[in-house]
Each structure stands twice: as structure tokens, then as C-alpha cells.
Amino acid sequence: INLNSPNKGLLSDSMTDVPVDTAVAAQTPAVEGLTEAEEEELRAELAKVEEEIVTLRQVLAAKERHCGELKRKLGLSALEGLKQNLSRSWRDVQVSTAYKKTQETFSQAGQKTSAALSTVGSAISRKLGDMRNSATFKSFEDRVGTIKSKVVGGRENGSDHLPSPTGSDDKPLPDHTPF
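Within each chain, residues carry numbers counting from 1 in the order of the written sequence. Predicted model: local features are reported for residues with pLDDT of at least 70 only, side-chain atom pairs are reported and counted for 80 or more only, and whole-chain, interface and lining totals are derived from all residues. Only hydrogens and water are set aside; all other atoms, that is, all heavy atoms of the structure, feed into the side-chain values.

Trainee: Provide a residue-level description of the overall build of the chain, including the pertinent values.
Mentor: Helical segments are the DSSP runs of H or I of at least four residues, strand segments are the runs of E of at least two, and each set is numbered from the N terminus. Helix and strand counts for the chain come out as five helices and zero strands. Relative accessibility decides the category of a residue: with a 1.4 Å probe and only protein chains considered, values under 20% of the type maximum give buried, values over 50% give exposed, and everything between is partly exposed. Burial statistics for the chain: of 179 residues in total, 7% are counted as buried. Working rule for contacts: check all heavy atoms of both residues, and any pair within 4.5 Å makes them a contact. At a minimum sequence separation of 6, the contacts of the chain that also span at least 24 residues come to 57%. Counting every atom, the chain has about 15800 Å² of accessible surface; 58% of that belongs to carbon and sulfur. Surface exposure here means Shrake-Rupley accessible area, sampled with a 1.4 Å probe, where a residue is shielded only by the protein chains that are shown.

This is the structure:
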């Protein structure tokens, strides 16, 4: 194994060796169909694989420490790493099939909603136009116009007083001082 690490051979505090307990292994019955020589060979291979696992854990721990030191020297914080991970994850989500299908569905729903609201708006506008052309509305509009001309008409002629209910516009109303 090539241990291209400045910290090769250092044991991590959190990593511990997990040796094979040969006494327990000797007590377990052999799998049927295995000769004693085959069983011994498998036990030797198991011990070798477990040693490799321990070595790989040590190398990984050393590499992680070295990576952390390099990041610290470069000024890369954990927040920056988290930000990059989130950005990468968001890009992964955006290229996913599920996201694309959902986006397409929402786009179609938005278009249909927009078309429906446009249709409703046109219908309301048409109904208001029909209502404005109705005899009832015209009668109401005429009455409002008449009242408006009576109220505003006196002011437009230069007079500051309202027309008298009796119709005589000769005398202005007496000026009463407010309370």
C-alpha cells in the first residue's frame, strides 16, 4: 500500500485495532464442507483483510487531518464548504428528472391559471359593459347626473351657495358664524 501522506504511520486517537479473537474463532464450529487447512487459510485471509482495513482507516484519518490543515491554511472555513456542498446539491437537484417534471407541471399549471384568469377578466368586463348599457343603469346615471348638476351647477356659476329647495336663487343664504 502506498501511503503518500505526510502523516503516514500515525495512529488516529479515534481509530482502534480490532484484532480477531482466535480463541473465540477456535470455539466456533467450522462450516461444514471445509477442511481444516481451508479453514486455517480463510482465517489467515480474514486477519490480513482486517489488518488492511485498520491500515486504510489510519491512512484516511491522516489524509483527513492533512486536508483540514490545508483548508485552514488557505482560509477555507466550514461555512464555505457547506456553501459549496449546498450549491452542488442544488445543481444536482435541478438536473434531476423529478425536478424537471415538477417544474414542467408547475409551468403548465401557471399557464392554465393565467388563461383562466384572463377568461374570467374578459367575462367580468363584458358583463360590466352589458350592465352599463342596461336601462336601469342609464336611468341611475341620469339621476346622478341631474343631482350633480344641481349641486355643482351653482358653484360653476360663481355662487358659493347651494340652490334653494324652493327654486328661488335671488338671495344668498345668510352667513352664520360657526359655533
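Trainee: Lay out the UniProt feature "coiled-coil region" (unreviewed entry) in the chain with the relevant residues and their values.
Mentor: Mapped onto the present numbering, the UniProt feature "coiled-coil region" (unreviewed entry) falls at residues 32-66. Measuring from the first to the last C-alpha atom of residues 32-66 gives 47 Å, for a span that is 89% helix and 0% strand. UniProt positions are given in the numbering used here, feature names are shortened, and annotations may be inferred rather than shown by experiment.

Trainee: Mind laying out the pattern of salt bridges, listing which residues take part and the relevant values?
Mentor: When a carboxyl oxygen of Asp or Glu is within 4 Å of a side-chain nitrogen of Lys or Arg, the pair counts as a salt bridge. Per the stated rule, a full pass over the model turns up two salt bridges. Of the charged contacts, one joins Arg43 and Glu39 as a salt bridge, the two residues approaching to 2.8 Å between their closest N and O atoms. Pair noted here: Arg43 and Glu39 are both in helix α2 (residues 36-74), with a separation of four residues, about one helical turn. Given a relative accessible area of 28%, Arg43 falls into the partly exposed group.

Trainee: Describe in detail the confidence of the model for the chain, supporting the description with residues and values.
Mentor: Scored by pLDDT, the chain comes out at a mean of 78, with 68% of its residues at no less than 70. The pLDDT value tells you how sure the predictor is about a given residue, anywhere from 0 up to 100. α2 holds the highest mean pLDDT among the elements of the chain, 94, whereas helix α1 (residues 22-27) holds the lowest, 52.

Trainee: I'd like a description of α2, backed by residues and values.
Mentor: The end-to-end C-alpha distance of α2 is 57 Å, a good match for the 57 Å that 39 residues give at a rise of 1.5 Å each. Looking at the residues trailing α2, positive phi occurs at Gly75, about 80°. Any helix carries an expected span of 1.5 Å times its number of residues minus one.

Trainee: Would you mind going over a nonpolar patch on the surface in detail, with residue names and values included?
Mentor: A contiguous nonpolar patch, built from Val120, Ile124, Leu128 and Met131 and spanning about 370 Å² of accessible area, is present on the exposed surface. Checked against the element boundaries, Leu128 lands in helix α4 (residues 97-132). Patch membership requires more than 30% relative accessible area and the absence of a salt bridge. Residues of like charge join within 9 Å; the nonpolar side chains Val, Leu, Ile, Met, Phe, Trp and Tyr join within 5 Å.

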